Structure formats: C-alpha cells, structure tokens
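Here are the chains, one letter per residue:
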Amino acid sequence: MATNRTFTMIKPDAVEAGYTGAIIKMIEEAGFRIVAIKKTQLTSERAGQFYAVHRERPFYNDLRTYMSSGAIVPMILEKENAVADFRKLIGATNPAQAEEGTIRKLYARSLEANAIHGSDSDENAEIEGNFFFSATEQY
Ligand code: GTP
Ligand code: MG
C-alpha cells in the first residue's frame, strides 16, 4: 500500500558542511511536508543496523564508519508519490552521475559521502522512519 511517506536523512558530510538549511529548503520547495525531524548521531553499531541490507558489500564497514562520523538530520516526509519523487529530487547514488539541480549534484562530495539518504520503497520508508521516530514524534 502506498503510504505517501518517505524517510530521509541528511548525512554527516552535508551537516558538517553547513548545508542542512539549504537542503531542507529544497525539500519543502519540492512540495514535501516535514512530518518528523531531529538532529542526532548514529553509533557504528546503529549505522550498521540501518544499512544491514548492505552487510555483504565490500563498502559496508566504511559506510558504517562514515555514517557514524558526525551528526545527521533524519526526517519523515509526506507528499503524493513520496518515495519515487524524493529519489528523483536527490539524484543518483554517485553524485558524478546525478542530474543537474538534484540535491546530490549540488551538495554531495563523493559516492560514499553523498549528502542524503532516500528510502527505496514504501515498506522501507516505514521501517526506517520508525527506526528514528516514535509515534508521538510524527505529526
Ligand atoms: P541511500 O539513499 O543512502 O540508501 O543510497 P542509495 O539507495 O542511492 O544507494 P545504496 O543503498 O546502494 O547505498 C547506500 C549508501 O552506501 C550510498 O548512499 C553510499 O553512501 C554508500 N555506497 C554505495 N555504494 C558505494 C560504494 O561503491 N563505495 C562506497 N564507499 N560507498 C558506497
Ligand atoms: Mg539505498
């Protein structure tokens, strides 16, 4: 069932670089409503849980180290067709291949430090949103 919600987090490289406000502005101007938001930091263990699907990939340990290296800004977002539209707004995983005007094209540093996450399905959007936010933090 389409929930019209997606989950995102601004990653450590972009928070550290001071892009949080600019990225949130792009997200709101693209028509997404912020349902939940906070600033926090993952431990390496929790970063590993979040990206458990990549457990067997060669970059898994580097990804855990990077994702726990600084503050992140997780958010739940709402909009019609949220998951697909948000993936379009952030652009390709590798910023070198991201389209002009996308968040990753504008703000990502590298394939790994690529500024922002976006859920890849309605099911994962719900799981990932609940990983960070309780029901009373979602409005
Ligand atoms: P997310 O929205 O963060 O899930 O990115 P994605 O769905 O566009 O890509 P994917 O789920 O395949 O990879 C998760 C994250 O792992 C990426 O966003 C990168 O931060 C990192 N990553 C992916 N591929 C590589 C790689 O080949 N090398 C390294 N070092 N990191 C990678
Ligand atoms: Mg992914």
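The rules behind each value
Residues numbered from 1 in each chain as written. Chains lettered and ligands numbered in written order. Predicted model: local features only at pLDDT ≥ 70, side-chain atom pairs only at ≥ 80, totals over all residues. Heavy atoms only, no water. UniProt positions renumbered as here; feature names shortened; annotations may be inferred. Phe/Tyr/Trp six-rings, centres within 6.5 Å; stacked < 30°, edge-to-face > 60°. Helix = DSSP H or I, 4+ residues; strand = E, 2+ residues; numbered from the N terminus. Buried < 20%, exposed > 50% of the residue type's maximum accessible area, 1.4 Å probe, protein only. Lys NZ or Arg CZ within 6 Å of the ring centre and 35° of its normal.

The chain appears in an unreviewed UniProt entry as Nucleoside diphosphate kinase from Spirosoma taeanense. The UniProt entry for the chain carries the following comment under Sequence similarities (unreviewed entry): "Belongs to the NDK family." Recorded under Subunit (unreviewed entry), the UniProt text for the chain is reproduced unchanged: "Homotetramer."

> Describe the packing of aromatic side chains, with residues and values.
Using the criterion set out here, one finds eight aromatic pairs in the structure. Ring centres 5.3 Å apart and planes at 10 degrees place the aromatic pair Phe-7 and Phe-132 in the stacked group. Of this pair, Phe-7 sits in strand β1 (residues 5–10) while Phe-132 sits in helix α7 (residues 122–132); the two residues are 125 residues apart in sequence, bridging distant segments of the chain. Classification of Phe-7 by relative accessible area gives buried; the value is 0%. Ring geometry for Phe-131 and Phe-132: centres 5.1 Å apart, planes at 65 degrees, overall edge-to-face. For Phe-131, a relative accessible area of 22% corresponds to the partly exposed category. Under the relative-accessibility criterion, Phe-132 is labelled buried at 6%. Geometry around Phe-132 places Arg-46 over its ring, the cationic atom sitting 5.7 Å from the centre.

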